[in-house]
Amino acid sequence: MPSPKTLPMGPSKPRNAVAPDSSLPAAPVLLQQPSHKKGQWKSTKLFRRVKSVFRSFPVINPPCKMPVSLHGNRLHEGHIHGGKQMTGTLFGNRKARVNLAIQENPRGVPLLVLELSIQTGKLLQDMGSGLVRIALECEKNHSEKLKLIDEPIWTMYCNGRKVGYAVKRGPTEDDLKVMQNLHAVSMGAGVLPTESSEGELTYMRAFFERTIGSKDSETYYMMNPNGTSGPELSIFFVRI
């Protein structure tokens, strides 16, 4: 796959975008396994069934309030700093649903890959115009003791409106190719060449501050470089 070209994505392009030199031949990059997930990525029948069901769901937009459990201190602008820094990448074909990959660093195998129920182009358009808050909510299953990020399916809210569902899956070969092509990109936005009929493959990468509230809540705040202004994105995981 050719190297990515860094392009402006709306009025708030990160200033510290780093793009690979397209004049150099592409070299294979071996992504690092997560520190506590080595050798554990497997494609299970459960996730395949959930993904199959998920793809049949329509993208719905009924008016809905943000879940009560997400109100309060976790949503205010001056959130508490000190969480772990992670790399977050939003990517997908413009006319297809967007994917979210969370990595320990830009060269690592993703800890988490979610397919979200909103088109890539629409999400990036919303981010270009201001604040975006994504809330992912699931129900507790007392018979299973899963880590929060291992929950397979979520109800998704965007800026307080229910927009459908998000599903977790193991990283596919295509996902890993995207991560390999972006291994030298610390933060930035751009496109990758693709032959898909669903539009160009668009990406946006940034550092996120991960804050763990409890075993049933985590928050990821997108960090703008050097305190500069730019699009604001917060992602909330809540199990109720």
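Up top is the structure.
What counts and how
Residues numbered from 1 in each chain as written. Predicted model: local features only at pLDDT ≥ 70, side-chain atom pairs only at ≥ 80, totals over all residues. Heavy atoms only, no water. Buried < 20%, exposed > 50% of the residue type's maximum accessible area, 1.4 Å probe, protein only. Helix = DSSP H or I, 4+ residues; strand = E, 2+ residues; numbered from the N terminus. Pairing = 2+ DSSP bridges. Core = buried A, V, L, I, M, F, W, Y, C linked by side-chain atoms within 4.5 Å. Phe/Tyr/Trp six-rings, centres within 6.5 Å; stacked < 30°, edge-to-face > 60°.

### Concerning the pairing of strand E10 (residues 217-223)
Of all the seven residues making up E10, six are buried; the element is thus mostly covered by neighbouring parts of the structure. Two strands pair when backbone bridges link them, and strand E9 (residues 201-214) and E10 are joined in this way by seven bridges, in the antiparallel orientation. Paired with Arg210 across the bridge in E10 is Tyr220. Between E9 and E10, which pair antiparallel in sequence order, lie two residues. The sheet contact formed by E10 and strand E11 (residues 232-239) spans five bridges and is antiparallel. Residue Tyr221 lies in a different strand from E11, and its bridge partner there is Ser234.

### Considerations on the pairing of strand E8 (residues 188-192)
Most of E8 sits inside the fold, with five of its five residues counted as buried. Of the two faces of E8, both are covered, the one formed by Gly188, Gly190 and Leu192 as well as the one formed by Ala189 and Val191. Relative to E9, E8 runs antiparallel, the two being bridged by five bridges. Paired with Gly190 across the two strands is Tyr203, which belongs to E9.

### Focus on the nonpolar core
Formed by 33 residues in total, the largest nonpolar core has its most connected members in Leu116, Met127, Ile134, Leu136, Leu233, Ile235 and Phe237. Counting residues in each nonpolar core, the second largest holds 12 residues, with Leu31, Val113, Met179 and Leu201 among its members.

### Overview of the packing of aromatic side chains
Per the counting criterion, the structure on display carries three aromatic pairs. Geometrically, the ring pair formed by Trp154 and Phe237 is edge-to-face, given 5.3 Å between the ring centres and 80 degrees between the ring planes. Here Trp154 is found in strand E6 (residues 153-158), whereas its partner Phe237 is found in strand E11, with 83 residues between them in sequence. Judged by its relative accessible area of 1%, Phe237 is buried. When the centroid spacing of 5.7 Å and the interplanar angle of 70 degrees are considered together, the rings of Tyr220 and Phe237 count as edge-to-face. One end of the pair, Tyr220, is in strand E10; the other, Phe237, is in strand E11, with 17 residues separating them in the sequence. Taken together, the ring pairs connect Trp154, Tyr220 and Phe237 into an aromatic cluster.

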